[in-house]
Amino acid sequence: MTAITIDGVARSFGDVRAVDGVSLAIRDGEFFTLLGPSGCGKTTLLRMVAGFCELDRGSILFGDRRVDTVAPHRRNTGMVFQNYAVFPNLDVGGNVAYGLKARKLAGDEIATRVERALKLVRLDGSARRWPHQLSGGQLQRVAIARAVVIEPDVLLLDEPLSNLDAQLRVEMRGEIRALQRTLGITVIYVTHDQEEALAMSDRIAVMRAGRLEQVDAPRAIYEAPATAFVASFVGATNLLHGVVVRRDGEVADVLVGATTIRARLAGQMSLDRVTLSLRPEALRLIGAGAAPPPGWRVLAGTLEDIEYLGAVTRFVVRLADGRPLAAMALAPPAATGDVAVAYDPARVVVLGDEA
Amino acid sequence: MTAFLARHAFPAAIGAIAAAFLGLFFLYPVLNVFGASVLDSAGTAFTLRNYAGVLSNPFFLQALSNSLIVAAAATALAIVFGVPFAFCVARLPIAGTSVLLALAALPLVLPSFVSAYALVLMLGRAGIVTGALRAAGLPFESIYGLKGIVTAFTLTLYPYVVLPAVAAFKSIDASVEEAAQNLGAPRGRTLRTVLLPLALPSILAGGLLVFIEALENFGVPFVLAEDKPILAVEAFKLFVGETADNPAAAGVLGVLLIACTVAALFVQRAMLSRRRYATMARRPAPLLTVSPPVRRLGTLYCWALVGAALVPFAAVVVISLLAFKGPVLQYAFSLGNFAELFRRSYRPLVNTLALAAAAAAAATLIGVPIGYVIVRRRSRLSALLDVLVTAPFAVAGTVLGIGLILAFGHGFLILTGTAAIMIIAYVVRKLPFSVRAASAILHQIDPSLEEASINLGVAPLPTFLRVTVPLMLGGIAGGSVLVFVTVASELSSTVVLYSGRWTTMTVAMFQALEGTSAGVAAAAATVLILVTILPVALVYRLLRRYELSTL
């Protein structure tokens with residue numbers, strides 16, 4: 001249970017800057033997620049914390065203890081690997097006891113702790129079973145038990161759910177979160193699955209090309225993305241590039257192609273060219289002639305490409321200037337052809353124009 | 001900095017040990033052979049006269065062309081016979097394919113000159129089959145000469161093509177074939193345009209091994225060549241011949257042998273340079289459904305080829321159990337040949353077992369860490385190590401033997417006449433086997449297992465011993481047995497290096513061949529077959545995992 005300070009770490013492989021000057025302060029007992037597309041450097045950063053990847057520069061501290069110069073086997077981190085890495089030549093009990101034996105604990109102490117750890121991951125009674133007799137989910141539990149039983153300073157999880165099927169993935173993420181709360185342990189969790197990140201994390205760091213894009217709580221990441229990349233990587237969105245044509249206090253009109261979209265600009269923002277992010281679920285289809293909720297704005301267009309997904313329905317509204325807007329509703333739209341979509345200017349996120 | 005050292009100290013140490021060992025016992029002797037070839041008779045001044053002398057001598061030119069013709073023909077025939085065999089085993093519904101494959105691989109560990117000797121016993125001038133053919137009025141002279149050498153090589157070396165080709169055919173994903181057929185290609189066209197080209201790199205890799213083996217082999221041409229000169233044999237005769245020992249000319253022939261091998265390597269690389277296919281079968285292609293006659297034909301072909309390769313060995317065993325009156329074979333059961341073989345001493349058998357065991361242990365101890373560094377610590381250094389370790393493959397046993405004697409017959413370290421120099425030669429020659437065996441199995445062990453152990457608090461070296469080595473055990477055992485059996489049947493460097501005290505079974509048989517005691521030679525051959533086949537039978541399942549295709 002330790003706070004972790006990562007200060008200006010960097011690592012290049014040849015010409016590729018895998019991690020390019022990352023600084024993070026992870027709090028004691030926090031569930032912290034590194035989220036990003038493959039190749040963004042999240043796994044490299046995790047392996048730096050574990051000690052499997054050397055730093056070109058920067059430092060890593062567990063509490064006040066500097067660890068980046070410490071050999072990996074002396075760091076006291078518990079790592080759960082993507083492919084579980086359960087030793088096939090040891091039974092379940094042998095796997096869980098492995099780290100305790102390395103720490104030269106007494107035999108009965110080891111037995112007690114192994115039993116407790118297996119109970120924690122709901123595998124009590126499986127100590128004498130062999131890895132090849134276990135399912136993917138059970139192997140995952142063995143890997144987690146093996147990592148937490150040594151009472152590590154930090155639990156490191158490298159895409160631990162990516163090899164499980166969808167239903168088990170949802171189940172296991174709940175279990176991992178509950179386990180973390182029970183133990184109060186600091187967790188660094190690596191994933192490329194934004195839903196997983198949003199569901200589990202206290203805070204998320206979104207990474208791209210070796211750098212941090214944004215570090216925030218899940219809601220802030222989704223509702224107030226700092227960059228267009230974060231807005232589009234976390235959840236689906238409509239990104240619209242435009243020019244501010246009128247401004248009245250916090251309210252601004254942005255001309256996107258031939259369409260004017262109203263948005264709220266925070267007071268200090270003084271931008272000319274902007275990128276707008278409109279989440280599909282923030283758009284609401286309204287019948288022709290019906291009045292929108294107070295303060296909402298209306299765009300006219302034609303309905304296209306209805307995709308029924310069960311719980312929700314996705315569709316595209318093509319605006320008068322030909323621009324498509326992805327939208328989402330709980331029920332399939334009743335209307336066809338010419339429709340109107342309403343949006344709340346307060347939910348339009350204004351980003352600096354990156355182009 | 002300490003972490004950096006810890007991370008690089010192990011591979012650096014292993015690399016240094018390997019470089020020191022191979023530098024002293026491989027590069028330095030080979031350099032001596034090269035030196036002998038370019039120094040005058042006083043051994044002091046540089047001269048090209050040795051080359052001029054050899055290359056203007058029709059006899060040696062004939063040896064060069066004979067060697068190349070034999071190697072090329074054996075390679076072509078091994079591919080022609082081996083590829084259809086591999087395809088049948090990989091894709092046709094033939095019963096007992098695992099047994100078939102195990103039997104097909106067998107000639108690789110059996111002494112090839114035993115097969116050659118069996119050909120002489122059956123098809124020589126006084127051979128059993130020759131006699132029968134003549135009695136039936138068919139004109140048949142004998143198997144002696146280039147055709148006999150090519151036959152023996154084809155029958156003993158074709159598995160080098162079969163094993164990688166089977167692996168290649170099996171690694172082609174079913175979808176590739178389905179795509180070709182979906183696009184309108186009939187079966188024959190699919191085979192010709194997709195399956196064969198995809199398997200070609202593996203087939204050529206196997207072909208290269210056949211070529212190199214055929215070029216360097218000493219025993220088979222020694223038995224079968226008669227008056228036809230062959231490089232490996234002539235180099236030996238020039239070096240230790242009764243007439244005159246001539247290290248300069250022997251050196252020239254040795255350098256020519258190495259040059260031929262290296263040229264073959266470059267030809268193969270050039271043929272493969274634009275063909276790099278990463279094939280990984282997610283879904284292996286299913287067995288083909290064929291009509292019963294086709295299936296029977298395929299089955300017949302496979303068993304016939306395996307049979308043809310193994311019949312000579314079986315024949316030798318049978319003949320060794322028959323009585324001889326002088327050189328004349330009697331059709332009566334007798335253990336007399338074995339009594340005669342062991343009459344003077346069991347020493348050759350004990351020597352063979354001891355030397356092979358020592359070489360297997362040493363090659364494993366050196367080879368496994370090298371394999372580990374090559375697979376797990378990829379760097380420019382480890383790539384260089386890979387090349388260095390594989391290089392002994394390109395040097396004929398006779399040439400290495402000559403080099404070792406030139407290097408350690410005098411000077412700072414004298415080893416000639418000892419068991420040590422023989423073991424050193426074996427370890428150098430067989431190191432590629434143990435390194436490949438180790439790296440093949442390591443490729444199947446996920447590195448995260450080692451990282452998990454380290455992460456749980458076990459330092460890298462104990463992790464290697466506690467996690468990696470147990471998981472590698474199958475591959476290590478397979479590699480050790482392979483080294484053991486191939487050393488037990490080694491002749492080409494043994495014949496140069498042995499001394500009276502360290503006579504081996506292969507030498508005993510070699511000497512029996514030079515004499516006239518066919519029965520004793522057959523008995524020695526049978527003992528050799530047993531010595532090689534028993535360990536293989538014991539670990540046959542382990543050996544099957546061993547991948548020759550990785551070379």
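Residues numbered from 1 in each chain as written. Chains lettered and ligands numbered in written order. Predicted model: local features only at pLDDT ≥ 70, side-chain atom pairs only at ≥ 80, totals over all residues.

## Some points on the overall build of chain A
- Scanning chain A for helices and strands turns up eight helices and 20 strands.
- Counting all 355 residues of chain A, 39% fall into the buried class. (Helix = DSSP H or I, 4+ residues; strand = E, 2+ residues; numbered from the N terminus. Buried ≥ 20, exposed ≤ 12 C-beta atoms within 10 Å, placed from the backbone.)

## Details of the sheet that holds strand 16 (residues 297-308) of chain A
Residues and elements named next belong to chain A.
- Across the sheet, which stays open at both edges, the five strands sit in the order 15-19-16-17-18 with antiparallel pairing between neighbours. Bordering the open sheet on either side are strand 15 (283-286) and strand 18 (324-329), each of which pairs with just one other strand. This sheet shows a mean twist of 45 degrees between the axes of neighbouring strands, independent of strand direction.
- Note that strand 17 (residues 313-319) and strand 18 share six bridges and pair antiparallel. (Pairing = 2+ DSSP bridges. Axes fitted to C-alpha atoms, helices over the stretch in contact; angles between N-to-C directions.)

## A closer look at the sheet that holds strand 2 (residues 16-26) of chain A
Residue and element names in this part refer to chain A.
- The antiparallel open sheet is built from four strands, whose spatial order is 2-1-4-5. Two strands in the sheet have a free side with no partner beyond their single neighbour: strand 2 and strand 5 (65-66).
- Inspection of the sheet shows strand 1 (residues 4-13) paired to strand 2 by eight bridges, in the antiparallel sense. Bridging from a neighbouring strand, Ile4 pairs with Ile26 of strand 2.
- Lying on the sheet, helix 1 (residues 42-50) is in contact with strand 1, strand 2 and strand 4 (57-62); it crosses strand 2 at an angle near 60 degrees. (Contact = placed C-beta atoms within 7 Å.)

## Observations concerning the nonpolar core
- Judged by nonpolar contacts, the single largest core of 178 residues is most densely connected at Tyr117(B), Ala235(B), Leu253(B), Leu257(B) and Ala524(B).
- With near-sequence residues (within four places) excluded, Tyr117(B) lies in contact with Val223(B), Val316(B), Leu513(B), Ala521(B) and Ala525(B).
- Ala97(A), Ala117(A), Ile188(A) and Ala327(A) belong to the second-largest nonpolar core, a separate cluster that totals 97 residues. (Core = buried A, V, L, I, M, F, W, Y, C linked by C-beta atoms within 7 Å.)

## Digging into the interface of chain A and chain B
- Listed per partner, the contact involves 20 residues of chain A and 19 residues of chain B.
- Elements represented by at least two residues in the side of chain A that touches chain B include exactly strand 6 (77-80) and helix 2 (92-102) of chain A.
- Ranked by residue count, the leading element in the side of chain A that touches chain B is helix 2 of chain A, at three residues.
- Among the residues making up the side of chain A that touches chain B, the classes are represented as 11 nonpolar, six polar and three charged. (Nonpolar A, V, L, I, M, F, W, Y, C, P; charged D, E, K, R; others polar.)

## Let's talk about the packing of helix 5 (residues 112-123) of chain B against helix 14 (residues 292-320) of chain B
All names here are of chain B.
- Where helix 5 meets helix 14, the closest approach of the two axes is 8 Å, and the angle between their N-to-C directions is 70 degrees. In terms of orientation, helix 5 and helix 14 fall into the roughly perpendicular class. Here helix 5 runs over helix 14; the crossing is left-handed. Seen from helix 5, the contacting residues are Val114, Ser115, Tyr117, Ala118, Leu119, Leu121 and Met122; seen from helix 14, they are Pro312, Phe313, Ala315, Val316 and Ile319. (Parallel < 35°, antiparallel > 145°, perpendicular 65-115°, else oblique. Left-handed = near helix turned anticlockwise from the far one by under 90°.)

## Comments concerning the packing of helix 16 (residues 347-376) of chain B against helix 19 (residues 419-443) of chain B
Residues and elements named next belong to chain B.
- The contact between helix 16 and helix 19 brings their axes to 6 Å, and the two run at 40 degrees. Relative to helix 19, helix 16 is oriented oblique. Along this stretch, helix 16 crosses helix 19, giving a crossing that reads as right-handed.
- Taken together, the residues that form the contact of helix 16 with helix 19 break down as 20 nonpolar, six polar and two charged.

## Some details on the confidence of the model for chain B
Residues and elements named next belong to chain B.
- Residues of chain B with pLDDT of at least 70 account for 93%, and the chain-wide mean is 86.
- Looking over chain B, one finds the lowest element-wise mean pLDDT in helix 25 (residues 540-545), namely 53, and the highest in helix 7 (residues 146-157), namely 95.
- Within the model, pLDDT remains below 50 along residues 545-551, and this stretch shows 24 contacts once partners closer than five positions in the same chain are excluded.
- Two numbers describe this predicted complex: its pTM, 0.81, and its ipTM, 0.82. (pLDDT = per-residue confidence, 0-100.)

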